[in-house]
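Summary of structural features
One-letter residues, chain by chain:
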Amino acid sequence: VKPALALLATLAGGCVEGLEPAEVGLGRRVGMFPGAIAATLPPMTDRAGNIYVATGMPDDTGTPQPGVALVGGARGGWSEGCATGEGARGGALGWIGATAERGWLWTATAIVELDAATGACRVVLDRDPVSDSDLVVLAAAPLVDETVSGVFAMAIVAAGTDPAAHLITIDLDLGVVRSSAALGTVDVLAVGAGGGDAAFAIRDGAGTRIVLARPHAGITGSIAATMPDVATGGLVGEIAFGTDGSIAAVLGRDAIAIGTAGGLATDSIAFAARTIERDDGGTLWLVGDGAGDMPQVAAIAGGRIVNAGEWATARAIDDALSTGVIVVDERGGMRVATRWTAHGAHGTSALVAPRRAPAYAVGARAVLVADPPVDRGGIPYSQLAVVPVGVEFP
Amino acid sequence: VTPAGRIALAVAVAVAVAVTTIAAAPASADRTKKRRAKHTPTSTSVRIVDLVGDSATATATATATSGTGTGTRTGTATTTGTATSTSTATGTATIDRVASAITETDAAADADAARSEYLVPELRAGSLQARLYGSLRPTIGVAHRETAVERDRWAYGFAGSRIDVGLDVDVGRGVTGSLYVQVAAGRDDVATAGTVDLERALVSYQPIDVLEISVGRDYVPMSAQSATPSEARVFPTRIAIDETFVLPADVGLQVTTSTSLLTAMVGAWNGVATDVMLEPGAEERGLLYSARIEATPLGKLAFDERTRPSSLRLGIGAGATYRAATAFTPTGAAGSRSRDLRAAAAVRVAWRGLFVQGEILRRQITDDLSMRPDVATGGYVQASWRFAAGAVDVAPLARAGIERVRALSAPATGGSLELGGAVFPFARGSDRLSIAALYAHLVDPILGASDEVRAQLRLGF
């Protein structure tokens with residue numbers, strides 16, 4: 001009977017709906033990890049629906065320390081996980097992107113590939129091909145360019161102790177540098193992507209600006225930008241592009257710059273901005289914490305901040321998570337559903353992470369949640385789970 | 001008479017007799033209970049009209065008589081690719097029934113015209129009849145991809161070249177078999193091993209005229225694209241967007257009921273794995289069910305882009321497949337469940353050399369774990385118009401399609417536009433030799449745009 005009903009529904013123009021706003025989906029347990037705040041990066045999803053998770057406790061500056069990278073299969077199962085890197089600089093600093101069955105992240109010392117088919121991690125690039133010295137990744141843009149020739153990404157890197165930075169195109173398949181352009185001595189303040197361009201907010205002797213670049217083509221443009229005076233060394237800030245021409249950069253709490261392609265200027269807002277979200281329509285939203293860690297949101301239109309207020313959807317999701325969320329535990333090849341009283345794993349509202357959450361689906365984000373920590377030898381440990389949630393911006 | 005002439009004569013006579021004998025039944029007047037009841041012709045006569053070189057024309061007349069009436073049918077066949085027949089009926093048969101009989105016989109004549117293309121005649125051994133056919137299809141293509149690196153910016157070669165071989169066997173008493181294999185070349189720009197694809201391996205049983213039961217391997221006939229066999233295409237390839245919606249060849253059982261006005265098919269298939277990756281050691285299982293119904297109010301219209309009916313034919317059809325599958329974990333425990341629903345609705349029009357087909361396609365895959373539906377919608381229109389131009393036939397070809405994939409997860413749009421033509425130089429009305437050339441602008445939802453020109457020579461045997 002069910003096949004017949006489904007057939008009739010389709011013939012009658014039946015459709016499939018995703019998650020409703022503030023609806024909490026089925027969680028999937030990732031594992032148990034140390035730290036009251038176990039990760040700074042929200043989960044990423046590839047085209048096939050595989051989920052990529054990188055853990056790593058943040059230090060005093062908010063920079064994630066080395067953790068574990070895992071892949072959850074679209075139809076179930078998790079990889080065993082592998083280290084994101086070694087030493088104090090081996091923490092995952094950002095996602096680059098994903099194709100159908102592969103995802104990439106970057107640390108301060110390497111570009112790392114996660115293979116969903118095998119669960120393996122592979123260091124794509126960690127040495128300067130010219131000097132053969134260790135690579136310093138100042139920033140990698142959240143952009144993958146998939147062509148018939150391969151998959152490419154863009155990053156600003158330096159080699160060893162040489163302070164000179166280079167803008168490079170990386171062949172993510174082969175792990176080689178396809179092209180390189182010298183930038184001189186620069187600080188990278190923020191990174192983003194939009195309209196097929198990678199964007200890097202840099203500071204050098206001439207001041208601050210946003211450099212636009214495309215794989216293979218190199219630098220394609222520049223946008224004048226007055227950026228907040230922030231120290232480098234922690235998490236690199238984020239840049240986002242709206243379909244209405246708005247551009248926003250968040251370099252840290254209370255350190256934002258807003259504008260258009262004609263230029264960006266520093267700005268301020270009543271709440272502590274954490275990151276910039278981009279909805280399915282292409283509108284930019286500043287999100288952050290207000291009084292009592294209440295999630296806040298403000299639209300950006302025409303290069304200006306408008307309509308700041310409480311983010312009701314984020315609040316509703318937090319309430320639903322704390323009330324109880326069903327989480328599937330897939331250990332041992334089984335599927336056991338349990339109910340967790342959970343909270344956002346980033347220390348604030350589940351939807352307000354230090355990094356922008358890549359879209360999980362239309363109208364949905366995947367958030368990382370944790371159950372109440374347990375003490376093990378003086379170190380708090382929490383179980384982490386990925387939960388898809390319906391998102392609506394005011 | 002040359003040896004080829006003898007073969008041509010045998011083919012012409014066989015086709016004429018077949019056309020006439022089959023046609024005599026519906027022309028019979030006594031069809032009050034079973035409209036397509038067969039009557040063994042009471043008399044059949046054959047006359048050779050023309051025999052020149054390696055071509056021949058033959059006519060045959062068959063008469064079937066039953067209790068209340070008599071039907072007579074006259075058929076003509078030539079080895080240059082035509083077979084026609086006319087009928088008369090006397091007795092209690094109504095005008096409508098005679099008209100219906102003529103329509104049905106036109107369809108039979110169309111099919112027989114196509115059969116007469118083949119150089120290898122039917123092989124007979126007792127009650128067993130076999131027919132071997134196929135084609136050689138060397139193809140050359142040049143593609144340009146602006147976004148590729150230098151190595152891949154231009155791709156050229158003979159990808160798309162293939163050999164296809166088919167074998168139809170009739171063992172009598174309504175039992176038939178069909179086999180169709182394609183051997184294809186590798187990629188354009190890299191020397192790779194070819195592929196061997198068993199598209200069809202079917203055993204069919206037809207207990208009565210309107211019912212056929214088939215078991216074996218075949219394409220699941222969800223859409224008009226997938227219901228049209230490879231050997232029955234005018235375009236060198238399937239339309240690009242079909243890859244999003246088509247199911248691979250599968251093994252199963254299908255029941256078909258068919259009249260001149262309506263064809264309905266239902267099937268149950270093994271259900272091959274979806275393209276969603278499973279964790280190592282996991283396995284997904286679930287039967288696939290298919291259904292397709294098509295109305296042909298003006299008479300039968302085969303899934304054959306080469307068909308050239310003498311009167312207007314129209315096909316309005318819809319099909320769907322449904323598969324509920326369970327992904328079992330490596331330990332054997334039941335894991336996530338998924339539902340794969342695909343549907344299509346098509347309109348096809350054929351009249352003489354004109355063939356137009358439009359179709360809307362949809363795919364929606366959901367599961368109880370990810371809550372991330374995979375929804376795709378697409379559509380295409382294709383047209384070909386074959387007409388005589390001097391001593392040859394020519395056929396302009398045009399096809400355009402668009403698709404929106406992952407509409408609820410990671411939306412992207414793709415499509416294609418193809419323009420070109422085909423020439424049939426061997427003889428007027430013959431499909432034995434054709435050359436098709438197409439320019440295509442393709443937009444892949446992931447890899448972006450490319451342009452290509454592809455030419456295919458097809459030599460049928």
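The notes below deal with the structure included here. Quantities reported herein were computed from a predicted structural model and do not represent experimental measurements. (Residues numbered from 1 in each chain as written. Chains lettered and ligands numbered in written order. Predicted model: local features only at pLDDT ≥ 70, side-chain atom pairs only at ≥ 80, totals over all residues. Heavy atoms only, no water.)

1. What about the overall build of chain A?
Across its full length, chain A holds 2 helices and 33 strands. Computed over C-alpha atoms, the radius of gyration of chain A comes to 21 Å, within 12% of the 21 Å expected from 2.2 N^0.38 for 394 residues, which places it in the range of a compact globule. If one aligns the C-alpha atoms of chain A with their principal axes, the spans along those axes are about 65 × 55 × 45 Å. Here chain A holds 394 residues, and the buried ones make up 56% of them. If you take every contact in chain A between residues at least 6 apart in sequence, the share linking residues at least 24 apart comes to 52%. (Helix = DSSP H or I, 4+ residues; strand = E, 2+ residues; numbered from the N terminus. Rg over C-alpha atoms; globule rule 2.2 N^0.38 Å. Buried < 20%, exposed > 50% of the residue type's maximum accessible area, 1.4 Å probe, protein only. Contact = heavy atoms within 4.5 Å.)

2. Re the sheet that holds strand E2 (residues 44-45) of chain A
Residue and element names in this part refer to chain A. Spatial strand order, E2-E3-E4-E5: 4 strands in an open sheet with antiparallel pairing. Only two strands of the sheet have a single partner each, and these edge strands are E2 and strand E5 (82-83). Here 4 bridges tie strand E3 (residues 51-54) to strand E4 (residues 68-72), and the two strands are oriented antiparallel to one another. By the bridge assignment, Ile 51 is partnered in E4 with Gly 72. (Pairing = 2+ DSSP bridges.)

3. Notes on the pairing of strand E20 (residues 247-252) of chain A
Residues and elements named next belong to chain A. Among the 6 residues of E20, 5 are classified as buried, and the element is accordingly described as predominantly covered. Taken together, the 4 bridges between strand E19 (residues 237-241) and E20 define a ladder with antiparallel strand orientation. Counterpart to Glu 238 in the pairing with E20 is Val 250. What sits between E19 and E20 in their antiparallel hairpin is a turn of 5 residues, with Gly 245 showing a positive phi close to 95°. Where E20 and strand E21 (residues 255-260) come together, 5 bridges link them in antiparallel fashion. Of the residues in E21, the one forming a bridge with Gly 252 is Ala 255.

4. Examining the interface of chain B and chain A
At the junction of the two partners, chain B supplies 46 residues and chain A supplies 41 residues. Carbon and sulfur atoms supply 64% of the area that chain B and chain A bury against each other, a total of about 3600 Å² over both sides. Counting across the interface, chain B meets chain A through 11 residue pairs in polar contact (both at pLDDT 80 or more). Those elements that provide at least two residues to the side of chain B that touches chain A are helix H3 (150-153), strand E16 (288-295), strand E17 (313-328), strand E18 (334-351) and strand E19 (354-367) of chain B. Residue contributions to the side of chain B that touches chain A peak at 6 residues, all from E18 of chain B. (Buried area = accessible area lost by both parts, 1.4 Å probe. Polar contact = N/O pair within 3.5 Å; in protein donor to acceptor, adjacent residues only side chain to side chain.)

5. Points about the packing of aromatic side chains
Inspection of the entire model under this criterion finds 3 aromatic pairs over all chains. With centroids separated by 5.1 Å and ring planes inclined at 20°, the aromatic side chains of Trp 311 of chain A and Phe 393 of chain A adopt a geometry described as stacked. In this pair, Trp 311 of chain A sits in the loop between strand E26 (304-310) and helix H2 (312-323) while Phe 393 of chain A sits in the segment after strand E33 (379-390), placing the two residues 82 residues apart along the sequence. Just as Trp 311 of chain A is buried, Phe 393 of chain A falls in that class too. Taken together, a centroid distance of 4.7 Å and an interplanar angle of 45° make the contact between Trp 385 of chain B and Phe 387 of chain B tilted. Within the aromatic cluster, the residues linked to one another by ring pairs are Trp 285, Trp 311 and Phe 393 of chain A. The ring centre of Phe 303 of chain B lies 4.0 Å from the NZ or CZ of Arg 348 of chain B, which sits over that ring. In this arrangement the basic side chain of Arg 372 of chain B is found over the ring face of Tyr 360 of chain A, its NZ or CZ atom lying 5.7 Å from the centre. (Phe/Tyr/Trp six-rings, centres within 6.5 Å; stacked < 30°, edge-to-face > 60°. Lys NZ or Arg CZ within 6 Å of the ring centre and 35° of its normal.)

6. A closer look at the pattern of salt bridges
All told, the structure shown has 36 salt bridges over all chains when counted by the stated rule. Two residues, Asp 367 of chain B and Arg 75 of chain A, come together in a salt bridge whose shortest N-O distance is 3.2 Å. With Asp 367 of chain B in strand E19 and Arg 75 of chain A in the loop between E4 and E5, the pair connects residues from two separate chains. For the pair Asp 367 of chain B and Arg 75 of chain A, one class covers both residues: buried. One salt bridge in this structure joins Arg 365 of chain A and Glu 277 of chain A, with 3.4 Å as the shortest N-O distance. (Salt bridge = Lys/Arg side-chain N within 4 Å of Asp/Glu carboxyl O.)

7. Quick look at the side chain of Asp 367 of chain B
Assessed through its relative accessible area of 8%, Asp 367 of chain B is described here as buried. There is a polar contact of 3.2 Å between the side chain of Asp 367 of chain B and the side chain of Arg 75 of chain A. Here the side chain of Asp 367 of chain B touches Leu 369 of chain B through a polar contact of 2.8 Å, landing on its backbone nitrogen. Ignoring anything within four residues of it in the chain, the contact list for Asp 367 of chain B reads Ala 74 and Arg 75 of chain A together with Arg 337, Ser 338 and Arg 339 of chain B.

8. Considerations on the environment of Ala 213 of chain A
Residues and elements named next belong to chain A. Positionally, Ala 213 belongs in strand E17 (residues 207-214). Under the relative-accessibility criterion, Ala 213 is labelled buried at 0%. A C-alpha to C-alpha distance of 5.2 Å links Ala 213 and Ala 198, two positions 15 residues apart in sequence. Ignoring any residue separated from it by four or fewer positions in sequence, one finds Ala 213 in contact with Met 154, Leu 167, Asp 197, Ala 198, Gly 218, Ile 219 and Thr 220.

9. Structural notes on the state of the cysteines
Residues and elements named next belong to chain A. If you walk through the whole model with that rule in mind, you get 1 disulfide over all chains. Two residues, Cys 82 and Cys 121, share a disulfide whose sulfurs are 1.6 Å apart. Residues Cys 82 and Cys 121 share a disulfide whose torsion about the S-S bond is about 45°; that sign makes it right-handed. Taken together, the positions of Cys 82 in strand E5 and Cys 121 in strand E9 (residues 121-125) put the pair 39 residues apart, joining distant regions of the chain. Residue Cys 121 is classed as partly exposed on the basis of its relative accessible area of 27%. (Disulfide = S-S within 2.5 Å.)

10. Side note on the side chain of Ser 290 of chain B
Residues and elements named next belong to chain B. As for its position among the elements, Ser 290 is in strand E16. The buried category is assigned to Ser 290, whose relative accessible area is 8%. Side chain to side chain, Ser 290 and Trp 269 meet in a polar contact 2.9 Å long. When near neighbours in sequence (up to four residues on either side) are disregarded, Ser 290 contacts Val 220, Gln 254, Met 265, Val 266, Gly 267, Trp 269, Ala 320 and Thr 321.

11. Some remarks on the pairing of strand E7 (residues 139-144) of chain B
All names here are of chain B. Sheet analysis places E7 next to strand E25 (residues 448-460), joined by 6 bridges and oriented antiparallel. Considered in E25, the bridge of Val 142 is made with Val 453. Strand direction decides the pairing type here: E7 and strand E8 (residues 154-157), joined by 4 bridges, are antiparallel. Following the sheet pairing, Gly 141 is matched in E8 by Gly 157.

12. Side note on the sheet that holds strand E24 (residues 284-289) of chain A
All names here are of chain A. Taken in spatial order, the 4 strands of this open sheet run E23-E24-E25-E26, and their pairing is antiparallel. Edge positions in the sheet fall to strand E23 (272-278) and E26, since each has one partner strand and no second. Taken over all neighbouring pairs, the strand axes of this sheet differ in orientation by 25° on average, direction set aside. Bridging between E23 and E24 involves 6 bridges; their strand directions are antiparallel. Paired with Ala 272 across the two strands is Asp 289, which belongs to E24. (Axes fitted to C-alpha atoms, helices over the stretch in contact; angles between N-to-C directions.)

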